[in-house]
Amino acid sequence: MLRYIFVRFFKSFKDTASSTLCIVFPTKPNSSPGHIVFINLRSDVPPVVDNFGLILVILAIVLLYISVRQFNSYNEDPNPISPSSRIIMKSIYQYSRNPMYLGMIIFQIGLGLMLSMLHISFFTVLTYFLFRYFVIAPEEKYLEQKFKQDYIEYKRKVRRWF
């Protein structure tokens, strides 16, 4: 049985970030540590992938900035658990109902590509499902109850992501 898993981050000779996953499999209780397995989590990807990741990170930051600025211009709190006094339908919100979550997902993909740690990008699937079912679904239910037909019409006109 797996006793513990831990991740070590260290600097390589080229001063580039790299990571190694160390897994220790014990043989018997109170015996030697057993088998030790090291897995390199850093992928060897061409520089074009790193650059594309950087472009995605910049795009995500811009998207998040525009989204939060739009919330602030209406004196609304972007915190998803705070009450809403209106539906924001201007600027970026006329193209996406959830540009902040979209920005976070794009950021995660870009970060994984930029750092050549593709497992970060692969976890975007988990992030998507967590956002979709545990954040966005309750938000939309709340907004439908509060704004009724106005929000239903907004949902009909504007897609969830883009």
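An account of the accompanying structure is given in this report.

1. Observations concerning a nonpolar patch on the surface
Part 1 of the argument: Together, Phe123, Val125, Leu126, Phe129, Leu130, Tyr133 and Phe134 give the surface a local cluster of nonpolar side chains, amounting to about 750 Å² of exposed area.
Part 2 of the argument: Looking at Phe123, the relative accessible area reads 47%, which means it is partly exposed.

2. Observations regarding the layout of surface pockets
Part 1 of the argument: Taken as a whole, the largest pocket spans an internal volume of roughly 440 Å³.
Part 2 of the argument: Lining of the largest pocket is provided by 24 residues; of these, Phe71, Ser84, Arg97, Glu139 and Leu143 occupy positions nearest its centre.
Part 3 of the argument: Those elements that provide at least two residues to the lining of the largest pocket are helix 2 (99-114), helix 4 (124-147) and helix 5 (149-157).
Part 4 of the argument: Looking at the lining of the largest pocket residue by residue, the class counts come to 15 nonpolar, four polar and five charged.

3. Examining the pattern of salt bridges
Part 1 of the argument: For the structure on display, the rule yields four salt bridges.
Part 2 of the argument: Ionic pairing is found between Arg97 and Glu140, a salt bridge with its closest N-O pair at 2.7 Å. Residue Arg97 is located in the loop between helix 1 (47-73) and helix 2, and its partner Glu140 is located in helix 4; the two are separated by 43 residues in the primary sequence.
Part 3 of the argument: For Glu140, a relative accessible area of 7% corresponds to the buried category.
Part 4 of the argument: Here Glu140 makes a salt bridge to Arg160, at a shortest N to O gap of 2.9 Å. Remark: Arg160 occurs in the segment after helix 5 and Glu140 occurs in helix 4; sequence separation between them is 20 residues. The pair Glu140 / Arg160 is uniform in exposure class, with both members buried.
Part 5 of the argument: Bridged by salt links that share partners, the residues Arg97, Glu140 and Arg160 form one connected network.

4. A look at the packing of helix 4 against helix 5
Part 1 of the argument: The contact between helix 4 and helix 5 brings their axes to 6 Å, and the two run at 130°. Between helix 4 and helix 5, the interaxial angle falls into the category oblique. Contacts between helix 4 and helix 5 involve Glu140, Leu143, Glu144 and Phe147 from the first element and Gln149, Asp150, Tyr151, Ile152 and Lys155 from the second.
Part 2 of the argument: Partitioned by chemical class, the residues of the contact of helix 4 with helix 5 number four nonpolar, one polar and four charged.

5. Overview of the side chain of Glu140
Part 1 of the argument: Among the polar contacts made by the side chain of Glu140, one reaches the side chain of Arg97 at a distance of 2.7 Å.
Part 2 of the argument: Within the local environment of Glu140, its side chain forms a polar contact with the side chain of Arg160, the two groups lying 2.9 Å apart.
Part 3 of the argument: Glu140 has contacts with Arg97, Asn98, Tyr151, Lys155 and Arg160, leaving out every residue within four places of it along the chain.

6. Observations regarding the nonpolar core
Part 1 of the argument: Among the nonpolar cores identified, the biggest contains 22 residues, and Tyr93, Ile106, Tyr151, Tyr154 and Trp161 are the most heavily contacted of them.
Part 2 of the argument: Looking at this core, the elements with two or more residues in it are helix 1, helix 2, helix 4 and helix 5.
Part 3 of the argument: Looking at this core element by element, the count peaks at six residues for helix 2.
Part 4 of the argument: Sequence-distant contacts of Tyr154, that is, excluding residues within four places in its chain, are made with Ile87, Ile88, Met89, Tyr93, Ser96 and Arg97.

Rules used in this analysis
Residues numbered from 1 in each chain as written. Predicted model: local features only at pLDDT ≥ 70, side-chain atom pairs only at ≥ 80, totals over all residues. Heavy atoms only, no water. Patch = residues over 30% accessible without salt bridge, like charges linked within 9 Å, V, L, I, M, F, W, Y side chains within 5 Å. Areas by Shrake-Rupley, 256 points an atom, 1.4 Å probe, with all protein chains shown as cover. Salt bridge = Lys/Arg side-chain N within 4 Å of Asp/Glu carboxyl O. Buried < 20%, exposed > 50% of the residue type's maximum accessible area, 1.4 Å probe, protein only. 1 Å grid on protein atoms, 1.4 Å probe; cavity = no way out; pocket = protein on both sides within 12 Å on 5 of 7 lines; lining within 4 Å. Points joined across faces, edges and corners; volume = space filled by probe spheres on them. Helix = DSSP H or I, 4+ residues; strand = E, 2+ residues; numbered from the N terminus. Nonpolar A, V, L, I, M, F, W, Y, C, P; charged D, E, K, R; others polar. Axes fitted to C-alpha atoms, helices over the stretch in contact; angles between N-to-C directions. Parallel < 35°, antiparallel > 145°, perpendicular 65-115°, else oblique. Contact = heavy atoms within 4.5 Å. Polar contact = N/O pair within 3.5 Å; in protein donor to acceptor, adjacent residues only side chain to side chain. Core = buried A, V, L, I, M, F, W, Y, C linked by side-chain atoms within 4.5 Å.

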